[in-house]
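# Geometric and topological summary
Spelled out from the first residue to the last, the chains are:
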Amino acid sequence: MLSGGLDSATCLAIARDDGFRCRTLAIDYGQRHRHELDAAEAVAAAGGSEDHLVVRVDLRAIGGSALTDDGIDVPRHERVEEIGGGIPVTYVPARNLIFLSLALAKAEAVGAAAISLGVNAIDYSGYPDCRPAFVESFRRTAGLATRVGVEERPVEIRTPLVEMTKPEIIRRGADLGVDYGLTHSCYAPDDLGRACGRCDSCLLRRAGFERAGVPDPTRYAPGVM
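What comes next is a walk through the structure. (Residues numbered from 1 in each chain as written. Predicted model: local features only at pLDDT ≥ 70, side-chain atom pairs only at ≥ 80, totals over all residues. Heavy atoms only, no water.)

## A few points about the packing of helix 3 (residues 95–110) against helix 4 (residues 132–145)
To keep things clear, this is the line we draw: Between N-to-C directions, angles cover 0 to 180 degrees, with each direction set by a line fitted to C-alpha atoms, over the stretch in contact for helices. Numbering of helices and strands runs from the N terminus, with a helix taken as a DSSP run of H or I at least four residues long and a strand as a DSSP run of E at least two residues long. In this scheme the handedness of a crossing depends on how the near helix is turned from the far one: anticlockwise by less than a right angle means left-handed, clockwise means right-handed. Note on contacts: a residue pair is in contact if any heavy atoms of the two residues lie within 4.5 Å. Residues are grouped as follows: Ala, Val, Leu, Ile, Met, Phe, Trp, Tyr, Cys and Pro are nonpolar; Asp, Glu, Lys and Arg are charged; every other residue, Gly included, is polar.
Two elements in contact, helix 3 and helix 4, have axes separated by 12 Å at closest approach and are oriented at 35°. Seen along the crossing, helix 3 lies across helix 4 with a hand that is right-handed. The residues of helix 4 that touch helix 3, namely those facing N96, L97, L100, S101 and L104, are F134, F138 and A142. Of the residues assigned to the contact of helix 3 with helix 4, the class counts are six nonpolar, two polar and no charged.

## With respect to the packing of aromatic side chains
The line we're drawing: Stacked, tilted and edge-to-face are the three classes applied to pairs of Phe, Tyr and Trp rings, where Trp contributes its six-membered ring and a pair requires centres within 6.5 Å; stacked means planes under 30 degrees apart, edge-to-face means over 60, and tilted covers the rest. Burial classes follow relative accessibility: with a 1.4 Å probe on protein chains only, a residue under 20% of its type's maximum area counts as buried, one over 50% as exposed, and anything between as partly exposed. Each ring is checked for a lysine NZ or an arginine CZ that lies within 6 Å of its centre and within 35 degrees of its normal; such an atom marks a charge sitting over the ring.
Under the defined criterion, the tally for this structure stands at four aromatic pairs. Both rings, one in Y29 and one in F99, keep their centres 5.3 Å apart while their planes meet at 55°; by these two values the pair is tilted. Here F99 lies in helix 3 and Y29 lies in the loop between strand 1 (24–28) and helix 2 (35–46), a separation of 70 residues in the sequence. Classification of F99 as buried rests on a relative accessible area of 9%. Ring geometry for Y91 against Y127: centres 6.4 Å apart, planes inclined by 40°, an arrangement best described as tilted. Remark: Y127 occurs in the loop between strand 3 (114–116) and helix 4 and Y91 occurs in the loop between strand 2 (52–56) and helix 3; sequence separation between them is 36 residues. In this structure, R95 packs its charged tip against the face of Y127, placed 5.7 Å from the ring centre. The ring of Y220 is capped by R206, whose NZ or CZ atom sits 4.8 Å from the centre of that ring.

## Considerations on the environment of P215
Mapped onto the fold, P215 is located in the segment after helix 7 (200–212). For P215, a relative accessible area of 70% puts it in the exposed group. Taking the C-alpha atoms as reference points, P215 and R79, 136 residues apart in sequence, are found 19 Å from one another.

## Focus: helix 2
Stated precisely, the cut-off is as follows: By this rule the span expected of a helix is its residue count minus one, scaled by 1.5 Å.
The terminal C-alpha atoms of helix 2, which comprises twelve residues, lie 17 Å apart, in line with the 16 Å expected from a rise of 1.5 Å per residue. Of the surrounding elements, those touching the buried residues of helix 2 are helix 1 (6–17), strand 1 and strand 2. Just downstream of helix 2, G48 is the residue with a positive phi angle, here 85°.

In structure tokens:
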């Protein structure tokens with residue numbers, strides 16, 4: 001599952017390093033930060049994906065998130081410490097449940113052994129569908145809801161980053177040669193795709209590079225840095 005962000009790009013590199021032949025799946029769900037779809041395509045090509053598929057699901061019709069609803073502002077802060085607790089308005093209702101279901105369908109259709117996704121339970125924004133408990137629940141569901149799960153063996157759900165900090169993720173990806181300059185994380189980029197530097201995703205990303213001691217290749221909008 002490839003969003004175009006640094007976490008999923010690292011997951012692709014880890015899967016390749018572990019010996020998997022990889023196909024990548026990106027979801028066009030009507031997200032405001034659509035530049036991530038272009039980033040996903042670039043990361044897939046650079047990361048050795050044998051096939052890159054984009055599936056469209058209109059979550060704007062459902063709304064309820066700052067990422068899909070123009071009437072809800074993306075929160076912006078000056079420092080990571082200002083990010084509030086609880087589930088933020090950038091949470092997209094049931095997003096990972098929907099995305100994993102699509103990935104599971106594709107995995108079963110092509111005979112894939114595993115799905116890899118970049119959920120993280122440490123340096124993340126408080127989304128309930130990034131927690132290990134959710135992933136474990138979906139693992140059980142995958143075994144019950146598919147022909148391959150019933151007649152053969154369930155598709156494996158791999159979450160290699162789930163217990164890693166953002167600096168650890170970046171260092172791991174850098175060691176594997178991930179070009180983070182191709183990735184996109186910002187929730188509120190400008191028309192040229194340059195990062196705002198102040199949304200939760202930008203702040204966590206920037207702090208991760210700083211703490212990892214790895215140069216930040218992010219293209220920021222003028223006046224951000």
